[in-house]
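Fold and contact review
Okay, here's what each chain looks like letter by letter:
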Amino acid sequence: MLTMTKIDLVRLTKNKVRMLTGQIRGVESRALYSLDELEASGSPIQICAPESLEAITTSFVQGFLGATVYERGDEAVDALYDFSLLPKTLEDDFRVGIERLKLHSAARRRESP
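Residues numbered from 1 in each chain as written. Predicted model: local features only at pLDDT ≥ 70, side-chain atom pairs only at ≥ 80, totals over all residues. Heavy atoms only, no water.

Comments concerning the side chain of Ser29
For clarity, the cut-off: A run of H or I in DSSP counts as a helix once it spans at least four residues, and a run of E counts as a strand once it spans at least two, with each numbered from the N terminus. By definition in these notes, contact holds between two residues if any of their heavy atoms fall within 4.5 Å.
Residue placement: Ser29 occurs in helix α2 (residues 23-32). Once you skip the residues sitting within four places of it in the chain, Ser29 turns out to touch Leu12, Phe60 and Phe64.

Next comes the structure, spelled out in structure tokens:
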């Protein structure tokens, strides 16, 4: 049985930041949490956030989860990540970002020879 890993975004916000923004910040956060290694293990990853966090931009999500979609495929995020501990608004922020990633991924596949 695989153990679920919990990623708490409080490590990024330190209960001071109310919004996570920017693709570069998302990429840096991906490295901070060692998402490549966690994903390679196949264990489910649960995301949680402090109550002080109010929003997550699509650009942050694209940096945070872009490599997952582009390297592992569209369904990898759904298979690996659990956003159920997040408030509905933050879960929706992640879902919108993920849908945008999937659209970009589909466009890339159509453009590649």
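Remarks on the nonpolar core
Short version of the rule: Note on terminology: a nonpolar core comprises buried Ala, Val, Leu, Ile, Met, Phe, Trp, Tyr and Cys residues joined through side-chain atoms within 4.5 Å. Residue burial is assigned from relative accessible area. The probe radius is 1.4 Å, only protein chains are included, and a residue is buried under 20% of its type maximum, exposed over 50%, and partly exposed in between.
Counting 24 residues, the largest nonpolar core has Leu9, Ile47, Ile56, Leu65, Tyr81, Phe83 and Phe94 as its most contacted members. Breaking this core down by element, the ones donating at least two residues are β3 (45-48), α4 (58-72), α5 (76-80) and α6 (88-111). Take this core: its biggest share by element is five residues, from α4. With sequence-adjacent residues up to four places away left out, Leu9 is seen in contact with Leu20, Tyr33, Ile47, Cys48, Ala49, Pro50, Leu53, Ile56 and Phe94.

Thoughts on the pairing of β3
The criterion, for reference: Two strands make a pair as long as DSSP finds a minimum of two bridges between them.
Of the two faces of β3, the one lined by Ile45 and Ile47 and the one lined by Gln46 and Cys48 are each fully buried. By the bridge criterion, two bridges tie β3 to strand β5 (residues 81-82) in an arrangement that is parallel. By the bridge assignment for β5, Ile45 is matched with Tyr81.

Structural notes on the environment of Leu90
Among the secondary structure elements, Leu90 is positioned in helix α6. Residue Leu90 is classed as buried on the basis of its relative accessible area, which comes to 0%. Separated by 55 residues in the primary sequence, Leu90 and Leu35 have C-alpha atoms spaced 19 Å apart.

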